[in-house]
Amino acid sequence: MKTLVLREPGQIALDTSAEPSAPGAGEALVRVHRVGVCGTDIHAFRGKQPFFSYPRVLGHELGVEVLAVGEGVANVKAGDRCSVEPYMNCGTCVACRKGKGNCCTRIEVIGVHKDGGMRERFILPARKLHPSAQLSYDQLALVETLGIGAHAVERSGLKKDEFALVIGAGPIGLAAMQFAVEAGAKTIVLDINEARLEFCQKQLGVQHAINGKTEDVLERLLEITNGDLPDVVFDATGNAASMMKSFEYPAHGGRLVFIGLFVGEVTFDDPNFHRRELTLLASRNANPADFGRIIGLIESGRIDTRPWITHRAAVEEVPGLFESWTKPETGVLKAMIGF
């Protein structure tokens, strides 16, 4: 069957791999219809993704069809369209016992720690499938990205009418904005890409936009928040300089949430951190409940995914196109691969 393999940094190729076996107890055989290209995939292509080894089959934003199920599977059946929760957790470690399988001590994320969905068919634990009779494969492939933002906003404890600043208008930042707006927060986006700033205001209903290249960020934040600064700051850049700078932006008593990550150390001025009594939070992956909630929000029309997909390709076209998707000038927001 057709399989896209990232052989080494900068080299993705269309290959073939063996057909999967029949699903065992608790498993499902799925056919992949759509794969969203994520920032993780881009970082892996560039050789800058932590917790990663080569060669690897990428792909964890998936819209799939169930082909067959194994013994004991009741949550899905053959023919169901599903989103995939790609975090393979052990179920027994300290995090899993606390209901935090998203940061399991032995977690394996498909497409990162183990081979993912850029192939025609593969086997998954059926409990990781979230069905919808209404959503398209495109929409189902976007659920995981939205889940990252939903989990980060939930972690932050963001309340209605609080000021929320999201730094970085890539897909994960957009997902955080989507749920900040959904929570009723007064939302601000900070980026250096004017087109993306316009997208956030026009398509997501974000009230305020700041261009970090042309504006004084701190001055604008004070102006927007009437001198208070934002209650919650989300950094979705995965950029070391941005993440360290972000300690300057929360209000006294505020919260700072790191969604993006990079390989290295974060340093900050401790007196400034203590003076404001800031809370620093990491946010990783998403939880099973996030998937069901997001599917319901899309089905009800509360979330419109139509503007998200800016580029499309058939699987055969990907080796010739993937590098271009890593370049900002290409204007990619979300590339979607069809199998």
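Before any of the text, the structure's been laid out above.
Heads up: these notes are all about the structure in this document. As the structure is a prediction and not an experimental result, all values here were calculated from the model.

Counting residues in each nonpolar core, the largest one holds 92 residues, and the members touching the most others are L129, L174, M177, F234, F322, W325 and I337. For this core, the element with the highest residue contribution is helix α3 (residues 137-156), accounting for 10 residues. If you look at the next biggest cluster of nonpolar residues, it comprises 19 residues, including L165, M243, F247 and A251.

Relative to the helices and strands, T187 resides in strand β11 (residues 186-191). Within polar-contact distance, the side chain of T187 engages the backbone oxygen of A185 at 3.3 Å. Once residues lying within four places of it in the same chain are set aside, the contact partners of T187 are A164, M177, A180, V181, V206, Q207 and H208.

Here we take up the packing of α3 against helix α9 (residues 288-299). Axis separation between α3 and α9 bottoms out at 9 Å; the angle between their running directions is 115 degrees. Our pair here, α3 against α9, has a crossing hand that is right-handed. In this structure, α3 uses Q139, V143, E144, L146, G147, A150, H151 and E154 to contact α9, whose residues at the interface are D290, F291, R293, I294, I295 and I298. In the contact of α3 with α9, the residues fall into 7 nonpolar, 3 polar and 4 charged.

The next point concerns the packing of aromatic side chains. With the rule as written, the count across this model stands at 8 aromatic pairs. Centroid distance F52 to Y54: 4.9 Å. Interplanar angle 65 degrees. Geometry classified as edge-to-face. A relative accessible area of 16% means that F52 is categorised as buried. Since its relative accessible area comes to 29%, Y54 is described here as partly exposed. Three or more aromatic residues joined by ring pairs form one cluster here, namely F247, F258, F268 and F273.

A separate point is helix α1 (residues 39-46). Working note: α-helix, 3.6 residues per turn, so residues spaced by three or four point in the same direction. Along α1, the positions that sit buried rather than exposed are T40, D41, I42, A44 and F45. Where α1 is buried, its residues touch β1 (2-8), β2 (11-16), β3 (27-36) and α10 (318-325). At the C-terminal side of α1, G47 shows a positive phi close to 80 degrees.

For the rest of this paragraph, the subject is the pairing of strand β12 (residues 208-211). Here 4 bridges tie β11 to β12, and the two strands are oriented parallel to one another. Paired with L190 across the two strands is I210, which belongs to β12. For the handedness criterion, the β-α-β arrangement of β11, helix α5 (residues 194-203) and β12 is classed as right-handed.

Rules of the game
- Residues numbered from 1 in each chain as written.
- Predicted model: local features only at pLDDT ≥ 70, side-chain atom pairs only at ≥ 80, totals over all residues.
- Heavy atoms only, no water.
- Core = buried A, V, L, I, M, F, W, Y, C linked by side-chain atoms within 4.5 Å.
- Buried < 20%, exposed > 50% of the residue type's maximum accessible area, 1.4 Å probe, protein only.
- Helix = DSSP H or I, 4+ residues; strand = E, 2+ residues; numbered from the N terminus.
- Polar contact = N/O pair within 3.5 Å; in protein donor to acceptor, adjacent residues only side chain to side chain.
- Contact = heavy atoms within 4.5 Å.
- Axes fitted to C-alpha atoms, helices over the stretch in contact; angles between N-to-C directions.
- Left-handed = near helix turned anticlockwise from the far one by under 90°.
- Nonpolar A, V, L, I, M, F, W, Y, C, P; charged D, E, K, R; others polar.
- Phe/Tyr/Trp six-rings, centres within 6.5 Å; stacked < 30°, edge-to-face > 60°.
- Pairing = 2+ DSSP bridges.
- Right-handed = clockwise from strand over helix to strand, strands pointing away.

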